[in-house]
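Structural characterization, general
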Amino acid sequence: MLNRILLTSSRIRGQRSLRKFATVEKSSGSSVIGSDGRHEIWRGDVDHDNEPKVKRRDGTYQPVSKLRGFINYQRNPEPYRKPLERILDWEELNPVKGDPLKHSAVEQKVQAARCMDCGTPFCQTETGCPVDNLIPEWNNLVFEGQWKEAIDRLHKTNNFPEFTGRVCPAPCEGACVAGLVDSPVTIKNIEYAIVDKAWEEGYIVPRIPKERTGMTVAIIGSGPAGLAAADQLNQMGHRVTVYERADRIGGLLMYGIPNMKLEKDTVERRVNLLREEGIEFVTNADIGRNVDINDLRANYDAMALCLGATKPRDLPIPGRELKGVHFAMEFLTKNQKRLLLTKEGKLESQWDKNNFITAAGKDVIVIGGGDTGTDCIGTSMRHRCKSVVNFELMPRPPLERAPDNPWPQWPRVYGVDYGHAEVQAVYGKDPREYSVMTKEFIGDENGNLKALITQDVEITDKGPKAIEGSEREWKTDLCILSMGFISPESYVVEELGLDVDQRNNIHAVYGDFRTSVEGVFAGGDCRRGQSLVVWAINEGRGLAESCNNYLLQKRNDEALTFEKTGAFANLSSMSPKV
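Heads up: these notes are all about the structure in this document. (Residues numbered from 1 in each chain as written. Predicted model: local features only at pLDDT ≥ 70, side-chain atom pairs only at ≥ 80, totals over all residues. Heavy atoms only, no water.)

**Some words on the sheet that holds strand 19 (residues 520–522)**
To keep it simple, the criterion reads: Two strands qualify as a pair provided that DSSP identifies no fewer than 2 bridges between them. Secondary structure counts use DSSP, requiring at least four H or I residues in a row for a helix and at least two E residues in a row for a strand, with both numbered from the N terminus. Every axis in this analysis is a line fitted to C-alpha atoms, fitted for helices over the stretch in contact. Angles between the N-to-C directions lie between 0 and 180 degrees. We call two residues contacting when some pair of their heavy atoms lies within 4.5 Å.
Spatial ordering of the open sheet is given by 6-5-4-7-19, a layout of five strands whose pairing is parallel. What marks the edges here is a single partner per strand, and that holds for strand 6 (280–282) and strand 19. Between one strand axis and the next, the sheet turns through 20° on average, direction left out of account. For strand 7 (residues 302–305) and strand 19, the ladder comprises three bridges, and the chain directions are parallel. Across the sheet, Leu305 pairs through a bridge with Ala522, a residue of strand 19. Most of the contacts of helix 10 (residues 224–235) go to strand 4 (residues 216–220), to which it runs at about 170°, and overall it touches strand 4, strand 5 (239–243) and strand 6.

**Side note on the layout of surface pockets**
What counts, and what does not: Grid points spaced at 1 Å over the protein atoms alone were grouped into cavities, where a 1.4 Å probe fits but cannot get out, and pockets, open sets with protein on both sides within 12 Å along at least five of seven lines, with lining residues defined by an atom within 4 Å of a point. Grid points are joined across faces, edges and corners, and a volume is the space filled by probe spheres set on the points. Each residue receives one of three labels: charged for Asp, Glu, Lys and Arg, nonpolar for Ala, Val, Leu, Ile, Met, Phe, Trp, Tyr, Cys and Pro, and polar for the others, Gly being one of them.
For the second largest pocket, the calculated volume is near 660 Å³. If you go around the second largest pocket, you meet 28 residues; those closest to its centre are Val96, Lys97, Lys102, Asp196 and Glu200. Counting residues per element, the ones that place at least two in the lining of the second largest pocket are helix 4 (105–113), helix 9 (187–201) and helix 12 (264–276). Top element by residues in the lining of the second largest pocket is helix 9. It accounts for seven residues. Broken down by class, the residue content of the lining of the second largest pocket amounts to seven nonpolar, six polar and 15 charged.

**Some details on empty space enclosed by the protein**
Under the counting rule described, the total for this entry stands at three cavities of 30 Å³ or more. Residue lining of the largest cavity: 16 residues in total, with Cys129, Asn133, Cys168, Cys172 and Glu191 positioned closest to the centre. If you list the elements that add at least two residues to the lining of the largest cavity, you get helix 5 (135–143), helix 8 (171–174) and helix 9. Element by element, the count of residues in the lining of the largest cavity is highest for helix 9, at three residues. Residue composition of the lining of the largest cavity, grouped by class: eleven nonpolar, three polar and two charged.

**Notes on the environment of Lys261**
What counts here: Summary of the burial criterion: residues with accessible area below 20% of their type's maximum are buried, those above 50% are exposed, and those between are partly exposed, where the area comes from a 1.4 Å probe applied to protein chains only.
Within the secondary structure, Lys261 is located in the loop between helix 11 (252–256) and helix 12. Given a relative accessible area of 10%, Lys261 falls into the buried group. A sequence separation of 94 residues divides Lys261 from Val167, and the C-alpha atoms of the two residues are 6.4 Å apart. Beyond its immediate sequence surroundings of up to four residues, Lys261 is in contact with Glu92, Leu93, Arg166, Val167, Asp371, Asp375 and Tyr418.

What follows is the structure, encoded as structure tokens:
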């Protein structure tokens, strides 16, 4: 039996090697992508069809066909705007309608045709999309030109595809089955195209719940988890109020993600829709500080905590107190607030300079990689920094999957994000320095940061180990700490007396989301730990389902109590029609 298993495994590996070789051979020929960045097209003199013929990998021009689509057509992601153009403004990275880089309707259809309609679509499993998007279904609807049906399918699993289509790193593409033998489908681009067309065509309209349950929910936090929970609970018929401690709704979406990745009009457009659907929003409400949390518990039937993981990981080394060392979220938030003031017409002379951190003319060092680190790099470039370097503790990732990182896991491979590309375009080199650990900050006589000392590290079984004698000094007058977040802030947790896990996240079992306090639920990063926007949406939806079950049971229990006490005649007031 063991020999048979080993033989079968060997045959599978051999078949995969042959498929990989065939793919390389197939892809090494002349490109089907034209000078305009799209598949080449052709119309004959007597061709009166609305749609042109498209060049395939075999060199022929044929009508767009889904049969063997991933074999016939090449993966062609829609590019971002050119780096030297986009660093001059704060507009979104994605090309807008009318931009030559924007994919045409034909190219969108071609990319959708590459979806294989797999028997087991791993793109929508736990290794792919956390919200289980019905990806093959809406890919096929785009291919068929049925955009209205496509947004309906997309909204069945994802409350905010205009957010994930812009900021999600697309684990679905890492799990795409086509990626086993070729390049994965451009799922993220297609999702983005569906929702943008839906807004443009007026397919997305307010959905007013026809009935109300009479039950009320307070949601603390208006990030993606809080908004997803609010949307779901509102559609279930409950009265929902969202409390946000900042001056604008959106949480991480508003202030944590810079404008070039997610335009704030996009966030406000969705929030306004939720408001039209009946959700109430309260800003400048810092629960546990300027709003009594016990008053909320007394006035609502349930409470949902979607606080995020907002406590940043610090770097407690000598010189940490120097002026010029800042957390990433402080840097990004203050920049976004300044941009919003400018957009609203407030003159620069009226800005509070103490509430703005500028990288203009400075030597910037960003400690920590990931999306937030890249956002700090991109923001610094738009400030016109003098230079920018990015330290990463781990070694440079491989160009291809390592043996311990098989498909369909997220591919831990070397890539160039938008911020890195912008630095390369301006300064001619990748800003990242790998296997580097910061040892000390150095200041001048006035307490200002002027340099820092690093050591090279090697990764051992016990973690990173500093290499003796590898110290280097780096000139810098602005250092941004982008090393992730460790937990939610503790004051709400302590006020309620909630149980926490070993990482100081709120303890609530996934799928149940109930905390240790009756009627209080938790979801998103405050429960799960720092994660993706799409995971926050997943948690918000799951929290809403659990909270809804609790509310309905509570309502039934109250109805039984009223019946036993002779007050059943007044029960109808709990379910008013709207």
